[in-house]
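Okay, here's what each chain looks like letter by letter:
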Amino acid sequence: MDYTNNDLLRREEAFVETDVFAERSKPLPSLKIALVPIVSMIILLFVGIFVYGAEPHIPVLISAIVSGGVAIYLGYRWEEIEKAVTAGVALSVPALLILLVLGTLIATWLAGGIVPTMIYYGLDILSPEWFLPLAVIITSAVSLTAGNAWTAAGTVGIAVMGVGIILGYNPAMVAGAVISGAYFGDKLSPLSETTNMAPGIIGVNLFEHIRYMLYTTIPGWILTVILFLILGIFNQAESHDISSVKLLQEQLDQIFVISPWLILVPISVLVMIMCKMPAIPGLVIGSFLGGVAAVLVQGESIGSILHMMMEGYEKETGNEVINTLLNNGGMVSMMSTIYLVMLAMSLGGILELTGSLETIVKNLLKFAKSTGSLIATTAASSMTANVIACDQYLSILIPGRMYVQAYKDKGLALKNLSRTVEDAGTMTSSLVPWNTCGAFMAGTLGVATIDYAPYVFLGILSPCIAILYGYTGFRIAKLPK
């Protein structure tokens, strides 16, 4: 995600500043009570999604109602529950604003010919046999430069998705490659919010934290590239032939004015983000530049641009593939994702009010008898927080704060903790459909989280490598005696 450092400080202090969370009026629930809303949520989501094929929205809403019932059983008043829901949703407001602005950006970049231009030239550069590993490498470079996954996926990621669809690849595979690359930079860039947040709350030097993460991230990234290379080899038979690609390029050239100068628009957005401009102003300027390109280069009217920013870009070309690529964007296209984020954060607010997640984390700590089990427990806590609290930052904040003393007692350097919460918290956030990151990626790339999740190899490998290191003792730093 992409917030400024001040945004992060406010988010970190939000629970403390809110009366509901600062002075919890009841003791922590027992493990049995704490598990009631969690087990209910798992059952509701499984039945809703896998049995009935429903969207996760209603199961999450019912889970929030169950959690509210548990809060009332524990003695909390409705006013407290309502305040907790409001506080939970308030934490997601910056993410919701980014989603709305990104909807307008996608629409203007389509209308302005920016995305079509990137797809046009991308088809010349990205050959079918090397496409998937190159997709990982390109998005890794952009996210490392910009410092966040959301910007990488919302800009170059959309163009990469378009190229992949034209080349005949499974969109879920392409989305997995884009997200794997996007979170590589989100984890390692010194401009990344999570990369600053994890060592900041634990008490580790930023660059020491980054250097230590290289030991788990680089092997995972190399394995990811190799796996996508293998997938590309075995999926070449499904790719379109060169003549089909050339035909699509010709059709794009007929519909839009294709010019390399248009690529300056996404480059300017990346430069602004690199210069530490907050995400929302940067994306607003990018959307404005896209609108200017649509009017001056593509000949669109100002009225049509304003309509597209709300409703999305629509173009009937007679080619189903191009229609799929172009008919996208607009604020309206992001509303389903926004609804899900608001419902999930309402649920998270109630769970935070009752202390259910804190109870679960404390009970998990009982299993941490060895170094390996402590790191495995930390990873499990971060992944659990991603599922339950529905927010990437809370998956770092809660375990990061609660396990500091446990690592000291084991004689382990705290950079082991800061690395692990990133390996498991940052890297798995996009694998949960109702997490803010999973909802964002699904809404932006147009692929359901449950479909792309098996192909986000870096997100799957990172916690596994961290746990493996814990049990083998490889690259586990000790406190000086």
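Residues numbered from 1 in each chain as written. Predicted model: local features only at pLDDT ≥ 70, side-chain atom pairs only at ≥ 80, totals over all residues. Heavy atoms only, no water.

Undergrad: Would you take a moment to explain the overall build of the protein for this structure?
TA: Assigned secondary structure in the protein consists of 27 helices and 0 strands. Here the protein has a C-alpha radius of gyration of 23 Å; the compact-globule value for 481 residues is 23 Å, and the two agree. With the C-alpha coordinates aligned to their principal axes, the bounding extent of the protein is approximately 65 × 50 × 45 Å. Among the 481 residues that make up the protein, the fraction classed as buried is 58%. Taking all contacts inside the protein whose residues are at least 6 apart in sequence as the whole, residues at least 24 apart take part in 80%. Looking at the protein as shown, the accessible area adds up to about 19,000 Å², and 67% of this sits on carbon and sulfur atoms. Measuring between centres, the 23 positive side-chain charges of the protein sit 18 Å from its 32 negative side-chain charges. (Helix = DSSP H or I, 4+ residues; strand = E, 2+ residues; numbered from the N terminus. Rg over C-alpha atoms; globule rule 2.2 N^0.38 Å. Buried < 20%, exposed > 50% of the residue type's maximum accessible area, 1.4 Å probe, protein only. Contact = heavy atoms within 4.5 Å. Areas by Shrake-Rupley, 256 points an atom, 1.4 Å probe, with all protein chains shown as cover. Lys, Arg positive; Asp, Glu negative; His and termini not counted. Charge placed at Lys NZ, Arg CZ, Asp CG, Glu CD.)

Undergrad: What should I look at first to understand a nonpolar patch on the surface in this one?
TA: On the surface, a nonpolar cluster with roughly 940 Å² of combined accessible area is contributed by Leu-31, Leu-35, Val-39, Ile-43, Phe-46, Val-47, Phe-50, Val-51, Tyr-52 and Ile-450. Per-element tally for the nonpolar patch: the top contributor is helix 3 (residues 31-51), with 8 residues. Examined against the element boundaries, Phe-50 turns out to sit in helix 3. (Patch = residues over 30% accessible without salt bridge, like charges linked within 9 Å, V, L, I, M, F, W, Y side chains within 5 Å. Salt bridge = Lys/Arg side-chain N within 4 Å of Asp/Glu carboxyl O.)

Undergrad: What should I look at first to understand the nonpolar core in this one?
TA: Taken as a class, soluble globular proteins show a tendency for nonpolar side chains to be buried jointly. Ranked by size, the top nonpolar core spans 134 residues in total, and within it Ile-119, Phe-131, Trp-150, Trp-434 and Met-441 carry the most contacts. Counting contributing residues per domain, this core is built from domain 1 (28-91 + 335-472) and domain 2 (93-329), each supplying no fewer than three. The next biggest cluster of nonpolar side chains, apart from the first, holds 6 residues, and it includes Ala-71, Tyr-76, Ile-81 and Leu-353. (Core = buried A, V, L, I, M, F, W, Y, C linked by side-chain atoms within 4.5 Å. Domains from an automatic or database assignment.)

Undergrad: In this structure, what is going on with the side chain of Ser-259? I would like to understand it.
TA: Here Ser-259 is to be found in the loop between helix 14 (242-255) and helix 15 (264-274). On the basis of relative accessible area, Ser-259 is assigned to the buried category, the value being 15%. Look past the residues within four positions of Ser-259 in its chain and what remains in contact with it is Thr-117 and Tyr-121.

Undergrad: How do you make sense of the side chain of Gln-298 when you look at a structure like this?
TA: Mapped onto the elements, Gln-298 comes out in the loop between helix 16 (279-296) and helix 17 (302-311). Among the polar contacts listed, one links the side chain of Gln-298 to the backbone nitrogen of Val-257, at a separation of 2.9 Å. Here Gln-298 is in contact with Ala-111, Gly-112, Gly-113, Phe-256, Val-257, Leu-262 and Ala-293, once residues within four sequence places are set aside. (Polar contact = N/O pair within 3.5 Å; in protein donor to acceptor, adjacent residues only side chain to side chain.)

Undergrad: Explanation requested: the state of the cysteines in the structure shown.
TA: A covalent bond between the sulfur atoms of two cysteines is referred to as a disulfide. One pass over the structure, following the stated rule, counts 0 disulfides. Cys-464 forms no disulfide, and the closest cysteine sulfur to it belongs to Cys-437, at a distance of 19 Å. (Disulfide = S-S within 2.5 Å.)

Undergrad: What is the right way to look at unusual backbone geometry in this model?
TA: Comment: phi is negative for the bulk of residues other than glycine, and the bulk of peptide bonds are trans. In this model, Arg-475 sits at a positive phi of 55°, which is unusual for a non-glycine residue. Mapping Arg-475 onto the fold places it in the segment after helix 27 (457-472). A residue is classified by how much of its surface remains accessible, and Arg-475, at 41% relative accessible area, is partly exposed.

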